[in-house]
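# Structure at a glance
Take a look at the letters that make up each chain.
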Amino acid sequence: MGGVSNATLSPLPSADRLDVAARLREALLAASFTADGLLELLGAPAYAALARSETVPALRATRGETPLETLVRLFLLQQPVPHARVAGFLPVRACVESGWLVPTGADEVAATVDVRPYGGPDGEDWFIVSDLGCAVGGAGGIGNKDEGVVLGVGGASTTLAGITVRRPVSAALDLGAGSGIQALHAAQHATRVTATDLNPRALHITALTLALSGAPAADLREGSLFEPVRDDETYDLIVSNPPFVISPGARLTYRDGGMGGDDLCRSLVQGAGERLNEGGFAQFLANWQHVEGEDWQDRLRSWVPRGCDAWIVQREVQDVTQYAELWLRDAGDHRGDQAEYQARYDAWLDEFEARKVKAVGFGWITLRRTTAAEPVITVEEWPHAVEQPLGDTVVAHFERLDYLRAHDDAALLTERFRLVTEVVQEQVGLPGAEDPEHVVLRQHRGMRRATKVDTVGAGFAGVCDGSLGAGRILDAIAQLVGEDPVLLRDRTPAQIRVLVEQGFLEPAE
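Bear in mind the structure is a predicted one, so any value in this text is a computation, not a measurement.

If you add up the space inside the second largest pocket, you get close to 920 Å³. Around the second largest pocket, the lining comprises 38 residues; the ones closest to its centre are Pro389, Leu390, Asp392, Thr393 and Gly446. Secondary-structure elements contributing two or more residues to the lining of the second largest pocket are strand 4 (114–119), helix 8 (155–163), helix 15 (391–405) and strand 19 (505–507). With 7 residues, helix 15 is the largest single contributor of residues to the lining of the second largest pocket. Its residues assigned to classes, the lining of the second largest pocket comprises 13 nonpolar, 14 polar and 11 charged.

Shown next as structure tokens:
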């Protein structure tokens with residue numbers, strides 16, 4: 001990964017003054033500077049506009065002088081505010097001494113970092129610290145695009161937080177901590193949290209995020225990928241939202257991995273296996289190349305380390321022009337010199353052409369350490385809407401793998417199953433037709449999957465209430481439809497296996 005230069009970035013608050021962070025946290029909460037308070041003050045349209053790097057609606061909504069309006073302007077919208085106005089509800093002197101605020105002209109103070117309220121999964125009031133200009137939207141809103149800049153909360157951050165398995169663990173590792181959001185989540189259910197980053201500024205900001213959110217401190221280590229991790233250290237949970245963008249060079253540390261193509265993501269996945277405890281999970285966001293003449297699924301299967309089950313979900317695919325434009329705009333390059341923008345665009349396409357890359361995929365990669373003789377690797381494409389959080393869905397997926405691995409087809413027929421709640425049946429066919437062309441089962445929770453089944457599969461799923469074994473149900477269906485029960489028992493287990501694997505059926509207790 002590339003080097004870091006912080007020369008042009010502003011000084012950060014002290015990470016050692018926990019007393020000041022605690023006092024500042026109390027003041028922010030007292031003024032309702034929270035995720036809920038922000039939404040109530042700004043209203044949904046202005047709140048949503050912040051995610052698009054548009055601050056004008058929020059500025060208009062904070063023209064008053066209440067503590068909450070003042071704090072939004074100060075810490076979220078980067079506006080200097082009168083010293084006298086904040087002195088009544090903030091520990092201004094302590095904040096100046098510890099570096100959270102700086103005096104400016106005309107007896108005003110300004111924030112040295114952005115602070116964004118963030119709601120935890122159980123209603124916690126947290127605060128994500130980031131560099132000035134990085135609390136809202138993407139990097140396109142940053143005034144200066146220094147390569148060492150630390151971004152705040154983005155869509156990728158919240159996606160990873162949502163899919164991560166949340167269960168009590170002894171040790172968790174956050175690789176590429178950034179502003180500290182993944183470490184903050186992990187601190188709620190891990191006895192020990194280790195956070196690494198190549199950028200020392202990111203580690204400093206992670207410490208500020210944890211302190212201001214009232215969370216335990218993490219073990220912060222500087223270095224790239226697994227370099228800061230000792231050979232004898234293993235973890236129950238590893239998470240990473242790495243700088244996965246496939247780009248020519250490593251111009252922006254927060255985004256560009258500095259390795260060729262998708263090598264950074266591959267190295268990250270391959271290196272995780274030996275650092276996981278038995279039954280432990282490693283979960284990543286990643287980009288991967290679609291190369292001419294190569295199956296993208298085979299490419300990803302080759303990344304999975306030995307001794308690990310894997311579930312890889314491709315959520316989106318972009319052709320190389322869309323991809324280059326997305327990240328050039330994310331960095332705000334389209335707002336600058338057009339000749340420079342076009343040169344960077346051209347360099348990106350040169351890079352892809354040289355590697356025979358025709359598209360780039362984005363998605364989630366989850367590993368689970370297993371002792372199974374034959375680990376299962378599932379690679380699929382699912383670009384449709386899902387229901388976050390998905391941590392429990394991830395756990396259930398791997399539990400179903402264990403179940404199916406332990407039951408051959410004959411064993412499945414002796415088992416009793418139950419149709420999962422909130423599964424509906426849809427019949428698809430021409431209007432007026434006597435019989436449907438096919439039947440679709442659809443989930444309304446979790447991955448919100450849909451799968452086609454034949455009439456036997458639909459009938460089987462419909463009567464699964466946990467009271468009868470699968471074989472007895474099939475015998476009854478065979479009698480109803482006039483089929484040979486032996487033949488039906490032979491061909492149906494494959495369909496039952498799919499329905500269990502995808503979460504439509506669950507074994508009855």
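Back to the write-up after that little detour.
Positionally, Val109 belongs in strand 3 (residues 108–111). Along the backbone, Val109 and Val92 are 17 residues apart, and their C-alpha atoms lie at a distance of 8.8 Å. For Val109, the residues in contact, after removing those within four places along its chain, are Leu74, Pro80, Val81, His83, Val86, Val92, Leu101, Val102, Pro103 and Thr104.

A word on the packing of aromatic side chains. Any aromatic ring pair is given by two values, namely how distant the centres are and how the planes are angled relative to each other. What the rule picks out here adds up to 9 aromatic pairs. Aromatic side chains Phe33 and Phe127 sit 6.1 Å apart centroid to centroid with 5° between the ring planes, which places their arrangement in the stacked category. With Phe33 in the loop between helix 1 (18–30) and helix 2 (35–42) and Phe127 in strand 5 (residues 125–130), this pair connects stretches of sequence that are 94 residues apart. Both residues of the pair, Phe33 and Phe127, count as buried. Among the aromatic residues, those joined into a cluster by ring pairs are Phe244, Tyr323, Trp327, Phe352 and Phe362.

This next bit is on the sheet that holds strand 18 (residues 465–469). In spatial order, the strands read 18-14-19; together these 3 strands make up an open sheet with antiparallel pairing. Sheet topology places strand 18 and strand 19 at the edges, where each strand pairs with a single neighbour. Ignoring which end each strand starts from, the neighbouring axes of this sheet average 35° apart. Pairing analysis gives 3 bridges linking strand 14 (residues 416–419) to strand 19, with the strands arranged antiparallel. When the sheet's bridge partners are listed, Leu419 is paired in strand 19 with Leu505. Along the sheet face, helix 18 (residues 470–481) touches strand 14 and strand 18 and points at about 80° away from the line of strand 18.

This next bit is on empty space enclosed by the protein. Following the criterion strictly, the structure yields 3 cavities of 30 Å³ or more and no others. In this structure, the second largest cavity occupies an estimated 40 Å³ of space. In terms of lining residues, the second largest cavity is bounded by Ile163, Gln283, Trp311, Val313, Trp364, Thr366 and Val394. Contributions of two or more residues to the lining of the second largest cavity are made by strand 11 (308–319) and strand 12 (357–369). Among the residues making up the lining of the second largest cavity, the classes are represented as 5 nonpolar, 2 polar and no charged.

For the rest of this paragraph, the subject is the nonpolar core. Counting residues in each nonpolar core, the largest one holds 80 residues, and the members touching the most others are Ile238, Phe284, Ile365 and Leu367. Ranked by the residues each element gives to this core, the list is headed by strand 10 (residues 276–291), at 8 residues. In contact with Ile365, not counting residues within four places along its chain, are Val269, Ala282, Gln283, Phe284, Ala286, Trp288, Trp303, Trp311 and Ile312. Listed in part, the 41 residues of the second largest apolar core include Leu42, Phe89, Val115 and Phe127.

At a closest axis distance of 6 Å, the pairing of helix 2 and helix 3 (residues 44–51) adopts a crossing angle of 115°. Facing Ala35, Leu38, Leu39 and Leu42 of helix 2, the residues of helix 3 in contact are Ala44, Ala46, Tyr47 and Leu50. Looking at the contact of helix 2 with helix 3, its residues break down into 8 nonpolar, no polar and no charged.

As a further point, take the confidence of the model for the protein. Note: predicted coordinates in regions of low pLDDT should not be interpreted at a detailed level. Across the protein, the average pLDDT comes to 92, with 95% of residues at 70 or higher. Within the model, the stretch residues 1–7 combines pLDDT values under 50 with 26 contacts to residues more than four positions away or in other chains.

Here Gln388 and Pro389 are connected by a cis peptide whose omega angle stands at 0°. With respect to the helices, strands and loops of the structure, Pro389 is situated in the loop between strand 13 (377–381) and helix 15. The backbone of Ser32 sits at a positive phi, close to 65°, despite the residue not being glycine. Along the chain, Ser32 turns up in the loop between helix 1 and helix 2.

Tallied over the full model, the rule gives 28 salt bridges. For the salt bridge of Glu483 with Arg491, the shortest nitrogen-to-oxygen distance reads 2.8 Å. By relative accessible area, which is 40% here, Arg491 ends up partly exposed. The structure contains a network of salt bridges with shared partners spanning Asp219, Arg221, Arg230, Asp232 and Glu233.

The two faces of strand 17 (residues 450–453) differ: Thr451 and Val453 on one face are buried, but Ala450 and Lys452 on the other face are not. Taken together, the 4 bridges between strand 16 (residues 438–443) and strand 17 define a ladder with antiparallel strand orientation. Residue pairing across strands places Val439 opposite Val453, the latter belonging to strand 17. In this structure, the hairpin formed by strand 16 and strand 17 is closed by a connection of 6 residues, where Gly446 is found at a positive phi of approximately 60°.

Considering the arrangement of structural elements, one finds Val102 in strand 2 (residues 101–104). The sequence separation of Val102 and Pro80 amounts to 22 residues, and the corresponding C-alpha distance is 9.4 Å. Contacts of Val102, omitting those with residues within four sequence positions, involve Glu108, Val109, Ala110 and Thr112.

Here we come to helix 3. Considered for burial, the residues of helix 3 that qualify are Ala46, Ala49 and Leu50. What you see down the axis of helix 3 is that its buried residues fit within an arc of 105°, all on one side. Turned more than 90 degrees away from the buried face of helix 3, the exposed residues are Pro45 and Ala51. Taken from the residues just after helix 3, Ser53 is the one with a positive phi, measuring 65°.

We now examine the side chain of Asp262. For Asp262, the position within the fold is in the loop between strand 9 (235–240) and helix 11 (263–272). Judged by its relative accessible area of 2%, Asp262 is buried.

Criteria and thresholds
Residues numbered from 1 in each chain as written. Predicted model: local features only at pLDDT ≥ 70, side-chain atom pairs only at ≥ 80, totals over all residues. Heavy atoms only, no water. 1 Å grid on protein atoms, 1.4 Å probe; cavity = no way out; pocket = protein on both sides within 12 Å on 5 of 7 lines; lining within 4 Å. Points joined across faces, edges and corners; volume = space filled by probe spheres on them. Helix = DSSP H or I, 4+ residues; strand = E, 2+ residues; numbered from the N terminus. Nonpolar A, V, L, I, M, F, W, Y, C, P; charged D, E, K, R; others polar. Contact = heavy atoms within 4.5 Å. Phe/Tyr/Trp six-rings, centres within 6.5 Å; stacked < 30°, edge-to-face > 60°. Buried < 20%, exposed > 50% of the residue type's maximum accessible area, 1.4 Å probe, protein only. Pairing = 2+ DSSP bridges. Axes fitted to C-alpha atoms, helices over the stretch in contact; angles between N-to-C directions. Core = buried A, V, L, I, M, F, W, Y, C linked by side-chain atoms within 4.5 Å. pLDDT = per-residue confidence, 0-100. Salt bridge = Lys/Arg side-chain N within 4 Å of Asp/Glu carboxyl O. Arc of directions from axis to C-beta.

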